[in-house]
Amino acid sequence: MEKQAFMNDMILSELEDVVGVNNVSINEADKLSYGVDYFWVARMWVDKGQKPPQPDVIVRPDSAEQVSKILKIANYYKIPIHTWGGGSGSQGSALSMAGGIALDTKRMNRLLNLDEENLSIEAESGMIFQNLEWYANEKGYSVMHIPSCLTCGTIGGALAHRGIGIMSTKYGKIDDQCISLEIVLPNGDIINTLPVPKHAAGPDMNQIFIGSEGTLGIITKAKFKLVRQPEVRKFRAFLFSDFTTGLKACREIVQQIKPSIVRLFDEAETVSIIKNVIGFSKKGAFMNLAVEGIAAIVEIEHAIIMKICAKYGAEDLGSEYGEKWYENRITFFYPGHIMNNPQMFGTMDTAASYGDMEKIYWAMKKAVEKFEGVRFIAHCSHWYDWGTMLYDRFIMDNPPKNPREAIRLHNQIWNAGVRAAMENGGIINDHHGVGLKLSRLMKEQYGLGMQVFEGLKKSLDPNGIMNPYKLGL
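Here is a short report on the structure shown in this document.

### Remarks on the pairing of strand β18 (residues 374-380)
Here is step 1 of the chain: Extensive coverage of β18 is indicated by the burial of 6 of its 7 residues.
Here is step 2 of the chain: Of the pairings in the sheet, the one linking strand β13 (residues 261-265) to β18 comprises 2 bridges and is antiparallel in character. Looking across to β18, one finds that L264 is bridged to C380.
Here is step 3 of the chain: The pairing of β18 with strand β19 (residues 387-396) spans 6 bridges and is classified as antiparallel. Paired with I377 across the bridge in β19 is R393.

Structure, rendered in structure tokens:
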């Protein structure tokens, strides 16, 4: 024991030599704060008085060069590394399940370049995404990555789990918005992806690291596309008789034009969350959308939407509720509006083709509501030419009080819901990532294809130090 304590102090000194004494901590209160992100199990565990998984040491580097040195030390001593951004993830991906080092990126938060000729912006990965957006806004631009965690999630976190924002139907996901990356590999080498995102020079290296959740390397810089702020943004809301009819109308809209926002809520969410947040109380399937850009083009697109919605018998609710939804887009996730402890809850967002989405909806609803006291609500909020995603939630008001029984039930509900999606053409997750929460289902999703990821992991991280137990790796 004394030998181990001696060795720990020697390693601690090496880390302090890299980042400075003030940027290394083994303080118990600090370690506790890195034991909980927005993963329900982690929050519940602490609420029940249990000790969460904690790192042995927290290290806060200031540059890619410091990250490189930390990874070289970690590899030599075979110490696990868990990258921590804003701690806003819901999948437990940042939790230090193997102890070791929690590498907090938030000191790497500098704006590096804003290029108005090529419409790009580059920054370090520890910057909170809202700050990047503000830098763009000052010059009349936007990155158009506007997620609910905008004010608390980092650039690196958004890339690590392949995040998405409310404007995705027009502007794409984070992987569509990203031009290039700087990455520190597990052995400490610092690499850069190619300076343009579209090419025929082999596989797209950006896409190897975007969505890899810290298992293959640590993203330290990123460059994104900029778009000019729209001349006009026009909102509209509609009420469909049911979710099925709304799906058909939304598919027709998206396959003709590209609204920036399209949100279609099922009947259960319409009379619960929509009612509570924006005061809309009619039964049916509520849909709000926005079209934006050059005013003359927006008018044409708006007219097309009105015609399609009339075709499917939608009640036109005007612009008021659409504007209200936009004003409250973050409010939906504040205490008092969002599910919260002591409730048990989860968001099982999946994606599928239009032909499969309705059967997925009903299959997941049936699978989840088989559990006594569990209800299911859903909406579709990100749309593609080929299909859409289902942002589906389960809620249980009175979960087991015993924390181990609660974990067991939580995982059983997740297994049932996600497997129902996969069996009907859906995927494990659309944009929250995999993390610890869904790691066990990756092999079921990919089958023999999982060897591709496992081969990358073995080659890049032979010592297995990078974010153990996440992403099925």
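This is not the end of the story, as more comes after the structure.
### Quick word on helix α1 (residues 2-19)
Here is step 1 of the chain: For α1, spanning 18 residues, the distance from its first C-alpha to its last is 26 Å, which sits close to the expected 26 Å at 1.5 Å a residue.
Here is step 2 of the chain: Buried within α1 are the following residues: I11, L12, L15, V18 and V19. For α1, the buried positions fall inside an angular range of 110 degrees around the axis, keeping them on one side. When the buried face of α1 is taken as reference, the exposed residues oriented beyond 90 degrees from it are E2, K3, F6 and D17.
Here is step 3 of the chain: Elements that come into contact with the buried residues of α1 comprise β1 (24-25), β2 (57-59), α4 (64-77) and β4 (101-104).
Here is step 4 of the chain: A positive backbone phi angle near 95 degrees is found at G20, which sits one or two residues after α1.

### Notes on the sheet that holds β1
Here is step 1 of the chain: Taken together, the 4 strands give an open sheet; going across it, the order is β1-β2-β4-β3, and neighbouring strands pair in mixed fashion. In this open sheet, the two edge strands, each paired with only one partner strand, are β1 and β3 (81-84).
Here is step 2 of the chain: Here β3 runs beside β4; their pairing, made up of 4 bridges, is parallel. Bridged to I81 within β4 is I101.
Here is step 3 of the chain: Most of the contacts of α4 go to β4, to which it runs at about 170 degrees, and overall it touches β2, β3 and β4.

### A short note on the environment of A296
Here is step 1 of the chain: Relative to the assigned elements, A296 resides in helix α12 (residues 295-311).
Here is step 2 of the chain: Sequence separation between A296 and L185 is 111 residues, and the spatial gap between their C-alpha atoms is 48 Å.

### A few points about a nonpolar patch on the surface
Here is step 1 of the chain: Together, F6, M7 and M10 make up an exposed nonpolar region whose accessible area comes to about 310 Å².
Here is step 2 of the chain: With respect to the element layout, F6 can be found in helix α1.

### Regarding the nonpolar core
Here is step 1 of the chain: Ranked by internal contacts, the top residues of the largest apolar core, which has 118 residues, are L159, F224 and F286.
Here is step 2 of the chain: Per-element accounting of this core gives the leading share, 8 residues, to helix α15 (residues 403-423).
Here is step 3 of the chain: Excluding residues within four positions of it along the chain, F224 makes contact with L119, S120, I121, F129, L132, V143, I155, L159, I174, Q177, C178 and I179.
Here is step 4 of the chain: In this structure, L15, I79, I101 and M466 belong to the second largest nonpolar core, which totals 23 residues.

Rules and cut-offs
Residues numbered from 1 in each chain as written. Predicted model: local features only at pLDDT ≥ 70, side-chain atom pairs only at ≥ 80, totals over all residues. Heavy atoms only, no water. Buried < 20%, exposed > 50% of the residue type's maximum accessible area, 1.4 Å probe, protein only. Helix = DSSP H or I, 4+ residues; strand = E, 2+ residues; numbered from the N terminus. Pairing = 2+ DSSP bridges. Expected span 1.5 Å × (residues − 1). Arc of directions from axis to C-beta. Contact = heavy atoms within 4.5 Å. Axes fitted to C-alpha atoms, helices over the stretch in contact; angles between N-to-C directions. Patch = residues over 30% accessible without salt bridge, like charges linked within 9 Å, V, L, I, M, F, W, Y side chains within 5 Å. Areas by Shrake-Rupley, 256 points an atom, 1.4 Å probe, with all protein chains shown as cover. Salt bridge = Lys/Arg side-chain N within 4 Å of Asp/Glu carboxyl O. Core = buried A, V, L, I, M, F, W, Y, C linked by side-chain atoms within 4.5 Å.

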